Amino acid sequence: MSEVIVVTSGKGGVGKTTTTANIGCGLASLGKKVVLVDTDIGLRNLDVVMGLENRIVYNLVDVIEGNCRLKQALIKDKKFPAQLFLLPSAQTRDKSSVTPEQMKKLCEDLKSEFDYILLDCPAGIEQGFKNAVAGASRALVVTTPEVSAIRDADRIIGLLESDGMRNIQLIINRLRMDMVKRGDMMSVEDVVDILAVDLIGAVPDDENIVIATNQGEPLAGDTSLAGQAYLNICRRILGEKIPLLDLTEKKGFFRRLFKKS
Amino acid sequence: MFRGKRRNTSTIAKDRLRLLVNAERIDCSPGILLMMKKDIIKTVNKYILVEEDKVSLTFKAAPPTLLATIAVKKTPHNR
């Protein structure tokens, strides 16, 4: 039984692509066969986050237009070559080159090969969003604890609901527990309270994410706090009941003493 | 040290968002929502005394419903 999941947010820059890469990597590490589809036509990003940018030959639009077979366009991941694949987006085309019906068909085709099909949705609510959502049966809405991102997340949730999407879950990204404690950042509870949607996980603002992206290696499952948070989200996707991670950074006395800012 | 009197900015953000999100869910501006809230308070106040700062409007999507939570002032009769 395979599942098509769209990762979306409305607002740009909240971490959709990073989330997609890490959840894909985490699910693969848990033994699932996963394909990541970058649906942001014209502005592809998932390839660099995965560190696979130099291996692209064919892309999503090539597959849809029949210029190549589906399997020719799939790129094997470096870390999980048997489990994790990327279908990159086209860089030199625009969003109108794909229709929602074509995306639905593509997702159906991928279902026969993979346990999980993760669609990285472009920012915004236009064509690209409609394409990405068309074939999905589950949506992960990514937001940060900021007013603008939450407002857009609420819009997206409304659009998904009116589109008939039943399974919508929230990921709160870039939480800073020090700021939450000071009362200068909305907490997980605050955000869930406003959006009134199921939470599937919270990810701390962790510099390891930047480091991992620099290297083109997702960190899901490693010892970093963010890596653990992503792996927990993956387990919850698989249906396990995992309590929320304590996102408070455990800093040693000396590290705290010498930290400048 | 001087921040003591400042309200938590997360509370400010939450209040702003609640108003904004509720307004957008029913497709009207936050200003109009505030006007409606004032009118509701005024109207209800004609019949029952209302705790004006304890009135909230929320919107639920399915089925589309506007919920008004209106706290009523305690009087010797409704205690």
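Visitor: Give a description of empty space enclosed by the protein that names residues and reports values.
Guide: Residues and elements named next belong to chain A. Evaluated as defined, the whole model comprises 2 cavities of 30 Å³ or more. The computed volume of the largest cavity comes to approximately 40 Å³. Breaking the lining of the largest cavity down by element, the ones donating at least two residues are α1 (16-29) and α10 (207-215). Counting residues per element, the lining of the largest cavity draws most heavily on α10, at 3 residues.

Visitor: If you had to explain the pairing of strand β4 (residues 84-87) of chain A to someone new, which residues and values would you point to?
Guide: Consecutive residues of a regular strand have side chains that alternate between opposite faces of the sheet. Residue and element names in this part refer to chain A. Across the two faces of β4 the burial is the same, with Leu84 and Leu86 and Phe85 and Leu87 all buried. Pairing analysis gives 4 bridges linking strand β2 (residues 34-38) to β4, with the strands arranged parallel. Note that in β4 the partner of Val35 across the bridge is Phe85. Sheet topology places strand β3 (residues 75-76) next to β4; 2 bridges connect them, and they run antiparallel. Bridging from a neighbouring strand, Ile75 pairs with Leu86 of β4.

Visitor: Account for helix α5 (residues 100-111) of chain A, naming residues and giving values.
Guide: Residue and element names in this part refer to chain A. In this model α5 runs 17 Å from its N-terminal to its C-terminal C-alpha over 12 residues, within 8% of the 16 Å that 1.5 Å per residue would give. Where α5 is concerned, the buried positions are Met103, Leu106, Cys107 and Leu110. Seen along its axis, α5 keeps its buried residues to an arc of 100°; they face one direction. Of the residues in α5, the exposed ones pointing more than 90 degrees away from the buried face are Glu101 and Lys105.

Visitor: A description of the packing of aromatic side chains should follow, citing residues and the corresponding values.
Guide: A full pass over the atoms with the stated rule returns 1 aromatic pair over all chains. One residue, Lys33 of chain A, lies across the ring of Phe114 of chain A, its end atom 5.1 Å from the ring centre.

Visitor: Residues and numbers for the nonpolar core, please.
Guide: Residue and element names in this part refer to chain A. Membership of the largest hydrophobic core comes to 55 residues, with the highest contact counts inside it found for Val6, Val37, Leu119 and Leu160. The greatest single-element share of this core, amounting to 6 residues, is contributed by helix α7 (residues 147-162). Those residues in contact with Val6 that sit more than four places away from it in its chain are Leu119, Cys121, Ala132, Val133, Ala136, Arg138, Ala139, Leu140 and Met165. Residues Ile5, Ile23, Leu27 and Ile209 belong to the second largest nonpolar core, which totals 37 residues.

Visitor: I'd like a rundown of the interface of chain B and chain A, residues and numbers included.
Guide: If you look at the interface, chain B gives 15 residues, while chain A gives 15 residues. Of the roughly 1300 Å² buried where chain B meets chain A, counting both sides, 52% is carbon and sulfur surface. The interface formed by chain B and chain A holds 5 salt bridges in total. One salt bridge in this structure joins Asp190 of chain A and Lys14 of chain B, with 3.1 Å as the shortest N-O distance. Of the residues in the side of chain B that touches chain A, the class split is 5 nonpolar, 3 polar and 7 charged.

Visitor: Report on the packing of α7 of chain A against helix α9 (residues 188-195) of chain A, specifying residues and quantitative values.
Guide: All names here are of chain A. In the contact formed by α7 and α9, the axes pass within 10 Å of each other and the chain directions differ by 40°. With respect to each other, α7 and α9 are oriented oblique. The two elements α7 and α9 meet at a crossing, and its hand is right-handed. Residues Ile150, Ala153, Asp154 and Ile157 of α7 touch α9, and the partners they reach there are Val191, Ile194 and Leu195.

Visitor: I'd like a rundown of the state of the cysteines, residues and numbers included.
Guide: The full count for this structure, using the stated rule, is 0 disulfides over all chains. Sulfur of Cys68 of chain A: no disulfide; nearest cysteine sulfur belongs to Cys107 of chain A and is 16 Å away.

Visitor: Account for the sheet that holds strand β7 (residues 167-175) of chain A, with residues named and values stated.
Guide: Residues and elements named next belong to chain A. Here we have 8 strands laid out as an open sheet, ordered β3-β4-β2-β5-β1-β6-β7-β8, and mixed in their pairing. Both edges of this open sheet fall to β3 and β8 (198-204), since each of them pairs with a single strand only. As paired strands, strand β1 (residues 3-8) and strand β6 (residues 138-143) are joined by 4 bridges and run parallel to one another. Pairing of Val7 across the sheet is with Leu140, part of β6. The sheet strands contacting helix α11 (residues 225-237) are β1, β5 (116-120), β6, β7 and β8, and the helix crosses β8 at an angle near 160°.

Rules of the game
- Residues numbered from 1 in each chain as written.
- Chains lettered and ligands numbered in written order.
- Predicted model: local features only at pLDDT ≥ 70, side-chain atom pairs only at ≥ 80, totals over all residues.
- Heavy atoms only, no water.
- 1 Å grid on protein atoms, 1.4 Å probe; cavity = no way out; pocket = protein on both sides within 12 Å on 5 of 7 lines; lining within 4 Å.
- Points joined across faces, edges and corners; volume = space filled by probe spheres on them.
- Helix = DSSP H or I, 4+ residues; strand = E, 2+ residues; numbered from the N terminus.
- Buried < 20%, exposed > 50% of the residue type's maximum accessible area, 1.4 Å probe, protein only.
- Pairing = 2+ DSSP bridges.
- Expected span 1.5 Å × (residues − 1).
- Arc of directions from axis to C-beta.
- Phe/Tyr/Trp six-rings, centres within 6.5 Å; stacked < 30°, edge-to-face > 60°.
- Lys NZ or Arg CZ within 6 Å of the ring centre and 35° of its normal.
- Core = buried A, V, L, I, M, F, W, Y, C linked by side-chain atoms within 4.5 Å.
- Contact = heavy atoms within 4.5 Å.
- Buried area = accessible area lost by both parts, 1.4 Å probe.
- Salt bridge = Lys/Arg side-chain N within 4 Å of Asp/Glu carboxyl O.
- Nonpolar A, V, L, I, M, F, W, Y, C, P; charged D, E, K, R; others polar.
- Axes fitted to C-alpha atoms, helices over the stretch in contact; angles between N-to-C directions.
- Parallel < 35°, antiparallel > 145°, perpendicular 65-115°, else oblique.
- Left-handed = near helix turned anticlockwise from the far one by under 90°.
- Disulfide = S-S within 2.5 Å.

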